[in-house]
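Chain by chain, the residues run as shown.
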Amino acid sequence: MKRLRAAFRRRMNAWIARRNPPVSALTLQQNRIFIFPSSVGLGFGALLLGLLLLAINYQNNLIFMLVFALFSVSIITILHTYINLSGLRIQAGNSEPVFAGETAHFHLHLDSGSRPRYQLQLSFAEQRTVICEMPRAGQHYELRMPYPATSRGRLQPGRLQLRSDFPLGILRCWAMPMMDWHCLVYPRPKMLRPLQSSADSGEGVSAARRDSDEFSGFERYRRGESPRRIFWKAYARGQGLFSKQYEAGSSDRLILDWDSLEGLGEEDRLSNLCAWVLECEQRGLAYGLRVPGMFMPPDLGPAHLKAALRVLALWGGRA
């Protein structure tokens with residue numbers, strides 16, 4: 001039975017994929033909309049069948065009239081259920097990059113077109129459903145569709161499931177468009193090793209003070225910092241544990257190097273490099289990045305940060 005279900009699901013997905021190729025925008029028409037009875041509709045059909053048998057058995061005209069009236073309502077419901085989705089325009093929007101373990105949000109733009117829309121249910125497979133209503137014709141609406149970002153790389157959420165049970169709930173009208181969108185997922189930042197780099201000479205150096213550094217103040221001591229940074233006089237006076245902070249001089253070139261993280265796996269190295277990049281950006285330290293097959297010269301700023309995180313996210317062919 002499981003094999004039959006799996007085979008049926010594969011055939012169904014292949015059939016839907018042929019009818020719904022990836023697009024950035026589309027208008028729902030007859031070839032993309034499907035209508036089936038809902039669980040309530042199946043119960044309604046069983047009720048009509050029971051009433052029909054009862055009317056035939058007792059030759060009761062009132063029951064016949066009730067059955068035919070309810071059946072006529074169900075036929076009219078098909079039209080109203082269909083036009084609730086027909087003509088709806090869907091357009092894929094942008095998605096902001098996130099870190100692994102967070103929730104990505106895909107922006108979706110809806111245009112109601114020439115008629116209002118009610119009880120629209122949108123979701124990705126096995127994800128939380130977002131409900132939307134557009135009670136006026138020509139109304140525009142923007143949704144943020146959530147999807148968990150479990151691992152780094154380029155995240156594609158799959159087919160969008162758009163459903164509606166309007167107006168009576170006895171029929172379900174649905175569409176499964178494949179929107180052409182993706183979200184960039186950065187590695188989860190984890191400081192597994194204290195900040196260190198390789199200078200241009202290739203020798204390993206740490207973030208400790210060098211001759212070209214200038215004193216910039218004190219901060220509370222963080223585990224993993226060099227003991228040489230500790231302000232021991234304040235600690236002896238009982239004022240707590242502080243560390244001296246230095247800003248790199250103009251001659252310093254801080255390179256965050258993959259090879260300086262020996263003993264860690266690939267994903268842990270990427271997570272540690274990601275944490276170093278964020279730390280350098282927060283402290284205003286110009287930094288470069290060296291990973292296998294890629295080198296970024298030292299720089300600072302939002303554009304440099306975005307480029308460095310993108311390199312880490314897509315390293316190893318995660319495209």
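Structural data are supplied above this passage.
The following paragraphs examine the structure supplied in this document. (Residues numbered from 1 in each chain as written. Predicted model: local features only at pLDDT ≥ 70, side-chain atom pairs only at ≥ 80, totals over all residues. Heavy atoms only, no water.)

Concerning unusual backbone geometry
With the exception of glycine, most residues fall at negative phi, and the peptide bonds are largely trans.
No. 1: The omega torsion across Phe166 and Pro167 is 5 degrees, close enough to zero to call that bond cis.
No. 2: Here the phi dihedral of Gln119 falls at roughly 50 degrees; this positive angle occurs in a residue that is not glycine.
No. 3: Relative to the assigned elements, Gln119 resides in strand S6 (residues 117-124).
No. 4: What makes Gln119 partly exposed here is its relative accessible area of 34%. (Helix = DSSP H or I, 4+ residues; strand = E, 2+ residues; numbered from the N terminus. Buried < 20%, exposed > 50% of the residue type's maximum accessible area, 1.4 Å probe, protein only.)

Concerning the packing of helix H2 (residues 39-58) against helix H3 (residues 61-83)
No. 1: At a closest axis distance of 9 Å, the pairing of H2 and H3 adopts a crossing angle of 155 degrees. As the angle between them shows, H2 and H3 are arranged roughly antiparallel. H2 and H3 meet at a crossing whose hand is left-handed. For the pair formed by H2 and H3, the contact residues are Phe44, Leu48, Leu51, Leu52, Leu54, Ala55 and Ile56 on the first element and Ile63, Phe64, Leu66, Val67, Leu70, Phe71 and Ser74 on the second.
No. 2: Partitioning the contact of H2 with H3 into residue classes produces 13 nonpolar, one polar and no charged. (Axes fitted to C-alpha atoms, helices over the stretch in contact; angles between N-to-C directions. Parallel < 35°, antiparallel > 145°, perpendicular 65-115°, else oblique. Left-handed = near helix turned anticlockwise from the far one by under 90°. Contact = heavy atoms within 4.5 Å. Nonpolar A, V, L, I, M, F, W, Y, C, P; charged D, E, K, R; others polar.)

Examining the packing of aromatic side chains
No. 1: Enumeration over the complete set of coordinates arrives at ten aromatic pairs.
No. 2: Taking 5.5 Å as the distance between ring centres and 90 degrees as the angle between the ring planes, the aromatic pair formed by Phe124 and Tyr147 counts as edge-to-face. Here Phe124, found in strand S6, pairs with Tyr147, found in strand S8 (residues 140-148); they are 23 residues apart in sequence, far enough to count as distant. Each member of the pair, Phe124 as well as Tyr147, is classed as buried.
No. 3: Connected via pairs of aromatic rings, a cluster forms that spans Phe106, Phe124, Tyr147 and Trp181. (Phe/Tyr/Trp six-rings, centres within 6.5 Å; stacked < 30°, edge-to-face > 60°.)

Some thoughts on the sheet that holds strand S9 (residues 153-155)
No. 1: Spatial strand order, S4-S12-S9: three strands in an open sheet with mixed pairing. At either margin of the open sheet sits one strand with a lone partner, and together these are strand S4 (98-99) and S9.
No. 2: Pairing of S4 with strand S12 (residues 183-186) involves two bridges; the strand directions are parallel. Looking at S12, one finds that Phe99 is bridged to Tyr186. (Pairing = 2+ DSSP bridges.)

Thoughts on the packing of helix H5 (residues 266-283) against helix H6 (residues 302-314)
No. 1: Relative to each other, H5 and H6 sit at 175 degrees, their axes nearing to 10 Å. Overall, the two elements H5 and H6 adopt an arrangement that is roughly antiparallel. Within the contact between the two elements, H5 uses Leu270, Leu273, Cys274, Val277, Leu278 and Glu281 and H6 uses Pro302, Leu305, Ala308, Leu309 and Leu312.

Considering a nonpolar patch on the surface
No. 1: Residues Leu49, Leu53 and Ile56 make up a contiguous nonpolar surface patch of roughly 290 Å² in combined accessible area.
No. 2: Mapped onto the elements of the fold, Leu53 is located in helix H2.
No. 3: On the accessibility criterion, Leu53 (53% relative accessible area) is exposed. (Patch = residues over 30% accessible without salt bridge, like charges linked within 9 Å, V, L, I, M, F, W, Y side chains within 5 Å. Areas by Shrake-Rupley, 256 points an atom, 1.4 Å probe, with all protein chains shown as cover. Salt bridge = Lys/Arg side-chain N within 4 Å of Asp/Glu carboxyl O.)

Comments concerning the environment of Asn31
No. 1: Summarising the element assignment, Asn31 is placed in the loop between strand S1 (25-27) and strand S2 (34-37).
No. 2: Linking Asn31 and Arg19, residues twelve residues apart in sequence, is a C-alpha distance of 7.6 Å.

A look at the side chain of Glu279
No. 1: With respect to the secondary-structure elements, Glu279 resides in helix H5.
No. 2: The residues touching Glu279, leaving out its near neighbours within four places in the chain, are Met191, Leu195 and Arg222.

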